[in-house]
There are 8 protein chains.
Amino acid sequence: MPHIGIVLGSKSDEPYFQEALRTLEELGIEYELQFLSAHRHPDKVREYASKAATRGIEVLIAGAGGAAALPGVLASWTSLPVIGVPLPTSELKGLDSLYAIVQMPPGVPVACMSIGAWGARNAVLFAAQILSLKHDSIRKAYEAYRAAQRER
Amino acid sequence: MPHIGIVLGSKSDEPYFQEALRTLEELGIEYELQFLSAHRHPDKVREYASKAATRGIEVLIAGAGGAAALPGVLASWTSLPVIGVPLPTSELKGLDSLYAIVQMPPGVPVACMSIGAWGARNAVLFAAQILSLKHDSIRKAYEAYRAAQRER
Amino acid sequence: MPHIGIVLGSKSDEPYFQEALRTLEELGIEYELQFLSAHRHPDKVREYASKAATRGIEVLIAGAGGAAALPGVLASWTSLPVIGVPLPTSELKGLDSLYAIVQMPPGVPVACMSIGAWGARNAVLFAAQILSLKHDSIRKAYEAYRAAQRER
Amino acid sequence: MPHIGIVLGSKSDEPYFQEALRTLEELGIEYELQFLSAHRHPDKVREYASKAATRGIEVLIAGAGGAAALPGVLASWTSLPVIGVPLPTSELKGLDSLYAIVQMPPGVPVACMSIGAWGARNAVLFAAQILSLKHDSIRKAYEAYRAAQRER
Amino acid sequence: MPHIGIVLGSKSDEPYFQEALRTLEELGIEYELQFLSAHRHPDKVREYASKAATRGIEVLIAGAGGAAALPGVLASWTSLPVIGVPLPTSELKGLDSLYAIVQMPPGVPVACMSIGAWGARNAVLFAAQILSLKHDSIRKAYEAYRAAQRER
Amino acid sequence: MPHIGIVLGSKSDEPYFQEALRTLEELGIEYELQFLSAHRHPDKVREYASKAATRGIEVLIAGAGGAAALPGVLASWTSLPVIGVPLPTSELKGLDSLYAIVQMPPGVPVACMSIGAWGARNAVLFAAQILSLKHDSIRKAYEAYRAAQRER
Amino acid sequence: MPHIGIVLGSKSDEPYFQEALRTLEELGIEYELQFLSAHRHPDKVREYASKAATRGIEVLIAGAGGAAALPGVLASWTSLPVIGVPLPTSELKGLDSLYAIVQMPPGVPVACMSIGAWGARNAVLFAAQILSLKHDSIRKAYEAYRAAQRER
Amino acid sequence: MPHIGIVLGSKSDEPYFQEALRTLEELGIEYELQFLSAHRHPDKVREYASKAATRGIEVLIAGAGGAAALPGVLASWTSLPVIGVPLPTSELKGLDSLYAIVQMPPGVPVACMSIGAWGARNAVLFAAQILSLKHDSIRKAYEAYRAAQRER
């Protein structure tokens with residue numbers, strides 16, 4: 001059963017998460033990856049988010065660009081922590097995505113990471129920090145990763 | 001039966017639409033006004049948008065601030081034209097709302113107006129222009145309004 | 001007789017509309033395409049916009065970059081709905097075009113789409129939504145397009 | 001016969017030009033002041049700009065806010081030098097007006113000044129510099145003004 | 001023993017957290033509040049962050065303005081999840097704080113919330129979501145809060 | 001004797017003015033071109049600007065990037081009209097140059113054009129408009145250029 | 001003989017430096033304060049900067065707003081370290097001043113501080129750090145100030 | 001014993017400092033170069049900064065990108081003057097780094113230079129200006145460099 005559910009708005013967003021997925025594998029944390037657009041597949045997004053907790057998922061990560069509604073829409077349908085990664089757009093460079101994710105009105109939080117591949121990597125590390133509070137094995141893997149990182 | 005459905009994210013957004021509503025009354029166009037948050041009431045937003053067309057509504061207008069998902073979420077649930085009005089936020093002044101509304105990815109359009117009360121007024125005028133294509137009485141009222149505006 | 005009139009400020013703007021024009025053909029909606037600069041050909045722009053409605057055109061779409069006056073100038077000469085697409089500029093990346101189109105003062109609305117090719121595609125889809133209110137055949141084509149989009 | 005024609009988009013823009021007008025009077029340069037909106041009165045703007053040169057006007061100054069098309073539209077109808085003053089807007093603070101005025105595409109220039117009252121004053125001083133090239137009396141008045149300014 | 005440690009850069013930041021603290025009390029989650037500047041008290045910040053986990057704290061929240069290093073500096077000294085709240089500054093309105101918090105390079109994540117009081121409230125709600133994964137009583141309190149919020 | 005003096009901050013700025021210089025030749029307006037940095041050669045800039053008017057120069061054009069002081073420094077040493085062209089910088093894309101040129105405090109005006117090659121071309125056209133007020137041959141050449149431009 | 005020369009563009013800039021001047025007095029560092037505009041008094045600025053080193057001044061501090069050329073112009077006339085403080089402007093809030101000061105091209109450096117009163121205070125503290133390298137009494141005063149600051 | 005300590009957040013930042021290091025060699029000023037991340041190696045950064053003054057270092061230069069805490073963290077651990085160079089990031093182009101460095105709250109100053117390689121070069125020139133106040137040989141080398149620069 002995956003701990004983390006990752007949702008991307010489109011197939012073309014996947015390269016930004018390549019290194020992030022490798023990090024999850026290095027940490028040995030199970031995850032699943034979906035491609036769902038908040039605007040084109042609202043029903044599937046609702047279904048996925050509503051059932052995530054009962055399926056055992058503990059953290060959601062969503063990457064989206066432009067009017068990046070995906071993280072907030074997921075958060076509207078679940079009480080699980082949602083981490084949002086603003087993805088670059090060709091002209092506004094992800095500043096649009098950043099504002100659309102970070103400026104959530106009070107009531108329904110989304111945890112915003114930095115723009116693009118940096119943020120995708122930090123999203124999985126932040127998920128690992130959350131899961132470490134509850135799962136000893138993940139905590140150990142994360143501490144080992146962080147110690148190794150200090151040496152590099 | 002109202003032609004236009006207006007949805008605002010919160011009661012505190014209403015002042016930005018005051019003059020816009022007066023303009024609709026001046027034009028004699030029927031409308032209804034709802035207060036629904038995309039993030040706090042996703043189910044009600046879905047229900048409202050999904051049924052709007054069958055209830056006879058022809059244009060939706062949504063005002064929202066910050067990570068302003070409301071216009072895009074409405075548009076994800078309906079094929080009616082959706083007009084979005086970015087509302088000012090206390091620090092980023094509605095630039096966040098603007099990006100979150102105008103930068104819709106291709107596939108599900110939202111028509112973005114200017115920030116705040118200016119945009120609210122233009123939203124109802126743009127709705128009047130759309131309705132004028134089909135309803136003669138609205139076209140006449142709109143043309144009269146515009147002629148009067150030129151004189152002022 | 002075309003339903004939609006598209007006006008671009010210069011020949012070099014056409015690539016941004018390539019996929020948008022293909023979408024119109026896919027939808028089977030008739031359109032015409034003009035190259036007119038608001039600043040270099042003000043007389044032709046005035047003539048085109050003033051006569052568009054009597055020629056049967058129902059929606060205008062304009063793409064422009066920089067001090068992108070074209071959509072607003074068209075709107076100043078006609079009561080038809082005008083959809084504006086901010087096109088990228090080499091340095092400010094279309095943020096200048098976005099502000100020059102979206103921040104219309106109250107009285108003469110323009111419906112602003114996202115920057116560049118995304119916005120061009122959404123402009124024609126938004127025009128299709130407007131025309132769907134009146135033309136059954138367009139509504140059917142648009143609903144079919146949208147259903148297919150959901151599957152992709 | 002006035003040397004300078006000043007056009008403002010609305011009566012509410014006048015306070016930004018108060019000190020500028022006082023400066024013109026101090027310099028003894030004749031001017032006229034019009035209130036015309038590029039979007040609401042396109043015909044009057046066209047007529048005013050087209051006839052300005054034959055009426056003896058040598059420089060046009062235009063102040064406008066938001067999608068500030070006025071200076072560029074004036075410039076599209078005349079060969080006289082046009083000076084544009086971006087006026088503050090309530091949310092974007094005139095950054096929208098600045099982009100809409102300064103980012104003119106090549107072919108039809110507008111001389112952009114700073115935002116608001118600073119820019120209005122500099123617009124009349126810049127007009128005085130232009131007129132000084134041709135009119136000795138204006139040159140003397142301008143040089144005296146500048147010398148006095150150095151002392152203050 | 002508090003679950004949440006909140007650190008603010010200065011006493012003057014407290015008003016932004018007033019409603020957030022009330023929300024924590026409503027949820028019945030224990031917390032502690034410190035005033036420590038990353039730049040003026042680096043030793044105390046180091047000590048606080050290094051010992052937080054062993055003292056039983058599970059989530060850190062930090063609010064800071066300007067070159068807002070506090071959340072990242074806390075995160076550099078601990079493996080606990082750190083939530084950052086960008087606080088408004090008098091001129092750049094917290095956009096500086098936002099960039100300084102959200103754009104963390106990969107390796108050491110910080111979860112960024114919206115600017116100001118909105119973000120402070122969402123920070124405590126996000127902390128509640130994290131704690132809900134492990135603590136049943138907090139999950140129940142949070143679900144009740146959220147249900148009540150939907151009714152308001 | 002040249003009518004127009006063009007000053008660029010460095011040799012590397014010249015490509016932005018290539019087409020502008022060609023336009024001046026097309027118009028048959030004499031000019032001279034200098035390479036002087038406001039910050040590295042303040043004495044030469046002072047000398048050049050102070051003597052320009054007595055040498056018969058009527059308009060100055062300056063292109064500069066970054067903390068683009070050159071146009072303002074020229075204007076501080078002369079009463080001739082100074083036209084500033086903000087040049088692109090590698091990271092901020094000329095937005096820094098734009099602010100440093102356009103936001104002149106009241107008292108010493110600079111006429112700002114658009115960023116980069118667009119602005120360079122408009123600078124020479126604006127200079128031609130200024131010179132047209134006084135020189136009939138330039139006015140004729142400029143009007144012919146503009147008529148040809150309309151045809152293209 | 002003052003160690004520090006402070007130059008402000010206008011009398012109205014003085015309030016931003018009030019607390020900074022108090023800090024200098026607290027530190028017992030001698031300074032002098034001038035009001036000189038880079039654009040209106042280029043000759044006096046040149047004279048002041050050229051002679052500062054021979055008069056015994058060791059650090060220059062300049063505050064300016066808008067197209068804030070003052071720090072760079074001072075730096076063009078002297079080899080002393082120049083510290084620049086961007087002052088707020090009414091619309092762009094000092095972002096214009098920041099870009100005009102910080103983005104100095106390579107060759108003539110200016111040390112930029114934060115916008116407004118924060119930056120003015122840091123400018124005098126940074127000057128104290130520079131002077132501490134050479135003057136033991138200033139170093140002691142500065143270290144005492146910093147220790148006291150840690151306690152507050 | 002080096003006069004200047006340069007700290008970069010990562011090996012990949014070195015190219016921005018290539019020309020700067022060459023300038024230091026041209027000036028004959030001794031320096032040392034470290035690679036330390038504020039977030040990944042907080043202990044080493046603390047140790048380096050705390051001991052720099054006793055090791056004879058007189059000026060610190062730090063280059064960092066994104067949430068660029070490094071210059072401020074160094075400054076929190078030492079009383080030496082710290083010069084910060086904001087390095088470009090792939091999406092926000094170093095605007096994030098600029099804000100994170102320049103907007104230091106009052107109390108702990110950092111001298112901010114321009115973004116990227118420009119700023120790196122100016123950082124070493126500014127360090128040379130500081131050291132010139134105390135070291136005659138450096139002053140002579142710096143004056144010779146500046147005179148040569150004027151000729152180029």
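Residues numbered from 1 in each chain as written. Chains lettered and ligands numbered in written order. Predicted model: local features only at pLDDT ≥ 70, side-chain atom pairs only at ≥ 80, totals over all residues. Heavy atoms only, no water.

Colleague: So what about the overall build of chain A? Which residues, and what values?
Modeller: Looking only at helices and strands, chain A has six helices and five strands in total. Dimensions of chain A along its principal axes, counting C-alpha atoms only, are 40 × 35 × 30 Å. Put simply, 65% of the contacts in chain A that link residues at least 6 apart link residues at least 24 apart. A total of about 4,800 Å² of accessible surface is found on chain A, and carbon and sulfur atoms cover 50% of it. Here chain A carries 15 positive and 15 negative side-chain charges, and the mean point of each set is 2 Å from the other. (Helix = DSSP H or I, 4+ residues; strand = E, 2+ residues; numbered from the N terminus. Contact = heavy atoms within 4.5 Å. Areas by Shrake-Rupley, 256 points an atom, 1.4 Å probe, with all protein chains shown as cover. Lys, Arg positive; Asp, Glu negative; His and termini not counted. Charge placed at Lys NZ, Arg CZ, Asp CG, Glu CD.)

Colleague: Explain the side chain of E:Ser114 to me, and be specific about the residues and the numbers.
Modeller: Positionally, E:Ser114 belongs in the loop between β5 (111–112) and α5 (117–132). In terms of polar contacts, E:Ser114 uses its side chain to reach the backbone carbonyl oxygen of A:Met104, at 3.0 Å. Each residue touching E:Ser114, except ones within four places of it in the same chain, is listed here: A:Val102, A:Gln103, A:Met104, E:Val85, E:Pro86, E:Gly119 and E:Asn122. (Polar contact = N/O pair within 3.5 Å; in protein donor to acceptor, adjacent residues only side chain to side chain.)

Colleague: How would you summarise empty space enclosed by the protein if you had to cite specific residues and measurements?
Modeller: What the rule picks out here adds up to 18 cavities of 30 Å³ or more. Quantified by volume, the largest cavity comes out at close to 970 Å³. Along the wall of the largest cavity there are 40 residues; nearest its centre are B:Leu95, C:Leu95, D:Leu95, F:Leu95 and G:Leu95. Secondary-structure elements contributing two or more residues to the lining of the largest cavity are α4 (95–102) of chain A, α4 (95–102) of chain B, α4 (95–102) of chain C, α4 (95–102) of chain D, α4 (95–102) of chain E, α4 (95–102) of chain F, α4 (95–102) of chain G together with α4 (95–102) of chain H. Here the lining of the largest cavity is composed, by residue class, of 24 nonpolar, no polar and 16 charged. (1 Å grid on protein atoms, 1.4 Å probe; cavity = no way out; pocket = protein on both sides within 12 Å on 5 of 7 lines; lining within 4 Å. Points joined across faces, edges and corners; volume = space filled by probe spheres on them. Nonpolar A, V, L, I, M, F, W, Y, C, P; charged D, E, K, R; others polar.)

Colleague: Describe the pattern of salt bridges, with residues and values.
Modeller: Per the stated rule, a full pass over the model turns up 56 salt bridges over all chains. Of the charged contacts, one joins F:Glu14 and F:Lys11 as a salt bridge, the two residues approaching to 3.4 Å between their closest N and O atoms. Exposure remark for F:Glu14: the relative accessible area of 25% places this residue in the partly exposed category. A residue is classified by how much of its surface remains accessible, and F:Lys11, at 57% relative accessible area, is exposed. Close ionic contact of G:Arg55 with G:Glu32 constitutes a salt bridge, the shortest N to O distance being 2.7 Å. In this pair, G:Arg55 is assigned in the loop between α2 (42–52) and β3 (59–65) and G:Glu32 in strand β2 (residues 31–35), connecting sequence segments 23 residues apart. Under the relative-accessibility criterion, G:Arg55 is labelled partly exposed at 32%. (Salt bridge = Lys/Arg side-chain N within 4 Å of Asp/Glu carboxyl O. Buried < 20%, exposed > 50% of the residue type's maximum accessible area, 1.4 Å probe, protein only.)

Colleague: Pulling in residues and values, what's your account of the packing of aromatic side chains?
Modeller: Throughout the structure, instances matching the rule amount to eight aromatic pairs over all chains. Measuring from centroid to centroid gives 5.5 Å for C:Tyr99 and D:Tyr99, while their planes differ by 15°, and the two rings are stacked. Of this pair, C:Tyr99 sits in helix α4 while D:Tyr99 sits in helix α4, each in a different chain. Classification of C:Tyr99 by relative accessible area gives buried; the value is 2%. Lying over the aromatic face of B:Trp77, B:Arg46 brings its terminal NZ or CZ to 5.7 Å of the ring centre. (Phe/Tyr/Trp six-rings, centres within 6.5 Å; stacked < 30°, edge-to-face > 60°. Lys NZ or Arg CZ within 6 Å of the ring centre and 35° of its normal.)

Colleague: Talk me through the interface of chain A and chain E; I want residue IDs and the actual numbers.
Modeller: A common measure of how large an interface is: the accessible area buried when the components associate. The interface is formed by 40 residues belonging to chain A together with 39 residues belonging to chain E. Summed over both partners, the interface of chain A with chain E comes to about 3,500 Å²; 60% of that surface belongs to carbon and sulfur atoms. The tally of links from chain A across to chain E stands at zero salt bridges. Run the count over chain A and chain E and you get 25 residue pairs in polar contact (both at pLDDT 80 or more). (Buried area = accessible area lost by both parts, 1.4 Å probe.)

Colleague: Give me the side chain of B:Thr89: which residues, what numbers.
Modeller: Position of B:Thr89 relative to the elements: it lies in the loop between β4 (82–87) and α4. There is a polar contact of 2.9 Å between the side chain of B:Thr89 and the side chain of B:Asp96. For B:Thr89, the contacting residues outside a window of four places in its chain are B:Gly65, B:Gly66, B:Gly94, B:Asp96, B:Ser97 and E:Trp118.

Colleague: How would you summarise unusual backbone geometry if you had to cite specific residues and measurements?
Modeller: Residues and elements named next belong to chain E. In this model, Lys93 sits at a positive phi of 65°, which is unusual for a non-glycine residue. For Lys93, the location among the structural elements is in the loop between β4 (82–87) and α4. Owing to a relative accessible area of 22%, Lys93 belongs among the partly exposed residues under this scheme.

Colleague: Explain the relation of the copies chain C and chain D to me, using residue names and the numbers behind them.
Modeller: Note on the identical chains: chain C maps onto chain D by a rotation of 180° and an axial translation of 0.0 Å, with an RMSD of 0.0 Å. As the rotation angle and translation indicate, the two copies are arranged about a two-fold axis. Minimal C-alpha distance to the rotation axis in chain C is attained by C:Ala100, lying at 2.3 Å. With an isologous cut-off of 70% or more, the 100% of interface residues of chain C that recur at the interface of chain D puts this contact in the isologous class. (Least-squares fit on C-alpha atoms with pLDDT ≥ 70 in both.)

Colleague: Could you give an account of the relation of the copies chain A and chain E, with specific residues and numbers?
Modeller: Note on the copies: chain A fits chain E at an RMSD of 0.0 Å, the axial shift is 0.0 Å, and the rotation between them is 180°. When the interface residues of chain A are mapped onto chain E, 98% of them again lie at the interface, so the same face is used by both copies.

Colleague: So, the packing of α2(G) against helix α3 (residues 70–77) of chain G: which residues are in play, and what are the values?
Modeller: All names here are of chain G. Two elements in contact, α2 and α3, have axes separated by 8 Å at closest approach and are oriented at 55°. What the angle tells us is that α2 and α3 run oblique. Taken as a pair, α2 and α3 cross one another with a handedness that is right-handed. Along its contact with α2, which presents Val45, Arg46, Tyr48, Ala49 and Ser50, the element α3 presents Leu70, Val73, Leu74 and Trp77. By residue class, the composition of the contact of α2 with α3 is seven nonpolar, one polar and one charged. (Axes fitted to C-alpha atoms, helices over the stretch in contact; angles between N-to-C directions. Parallel < 35°, antiparallel > 145°, perpendicular 65-115°, else oblique. Left-handed = near helix turned anticlockwise from the far one by under 90°.)

Colleague: Residues and numbers for the environment of D:Glu14, please.
Modeller: Residue and element names in this part refer to chain D. Take Glu14: it is sitting in the loop between β1 (4–8) and α1 (18–27). With 103 residues separating them in the primary sequence, Glu14 and Ala117 have C-alpha atoms 9.8 Å apart. The contacts of Glu14, once residues within four sequence positions are left out, are Leu8, Leu33 and Phe35.

Colleague: Tell me about helix α2 (residues 42–52) of chain A, residues and numbers included.
Modeller: Residues A:Pro42, A:Val45, A:Tyr48, A:Ala49 and A:Ala52 constitute the buried set of α2(A). Down the axis of α2(A), the buried set is contained in an arc of 130°. They therefore lie on one face. Against the buried residues of α2(A) lie β1 (4–8), β2 (31–35), β3 (59–65) and α3 (70–77) of chain A together with α3 (70–77) of chain B. (Arc of directions from axis to C-beta.)

Colleague: Explain the environment of F:Gly5 to me, using residue names and the numbers behind them.
Modeller: Residue and element names in this part refer to chain F. Mapped onto the secondary structure, Gly5 falls in strand β1 (residues 4–8). Residue classification places Gly5 among the buried positions, given a relative accessible area of 0%. Residue contacts for Gly5: discarding those within four places in its chain leaves Glu32, Tyr48, Ile57, Val59, Leu60 and Ile61.

Colleague: Give a detailed account of the pairing of β4(E), specifying residues and quantitative values.
Modeller: Residue and element names in this part refer to chain E. By the criterion of burial, β4 is predominantly enclosed, with six of the six residues buried. Here strand β3 (residues 59–65) runs beside β4; their pairing, made up of six bridges, is parallel. Across the sheet, the residue bridging to Leu60 is Val82, located in β4. Taken together, β3, helix α3 (residues 70–77) and β4 constitute a β-α-β crossover, and its handedness is right-handed. One crossover worth recording links β4 to the parallel β5 by way of α4, and it is right-handed. (Pairing = 2+ DSSP bridges. Right-handed = clockwise from strand over helix to strand, strands pointing away.)

Colleague: Which residues make up the interface of chain C and chain D, and what values go with them?
Modeller: Facing the 24 residues of chain C at the interface are 24 residues of chain D. Taking both partners together, chain C and chain D bury about 2,100 Å²; carbon and sulfur atoms supply 69% of that area. Counting the contacts that link chain C with chain D gives zero salt bridges. Counting the contacts that link chain C with chain D gives four residue pairs in polar contact (both at pLDDT 80 or more). Those elements that place two or more of their residues in the side of chain C that touches chain D are α2 (42–52), α3 (70–77) and α4 of chain C. Looking at the side of chain C that touches chain D residue by residue, the classes come out as 14 nonpolar, six polar and four charged.

Colleague: I'd love a proper account of the confidence of the model for chain A, names of residues and values included.
Modeller: In the predicted model, chain A carries a mean pLDDT of 97, and the fraction of residues at 70 or more is 100%. Two numbers describe this predicted complex: its pTM, 0.98, and its ipTM, 0.98. (pLDDT = per-residue confidence, 0-100.)

Colleague: Residue-level account of the pairing of strand β2 (residues 31–35) of chain E, with values.
Modeller: Residue and element names in this part refer to chain E. Taken together, the five bridges between strand β1 (residues 4–8) and β2 define a ladder with parallel strand orientation. Looking at the pairing, Leu8 lines up with Phe35 of β2. Read from β1 through helix α1 (residues 18–27) to β2, the crossover connection turns out right-handed.

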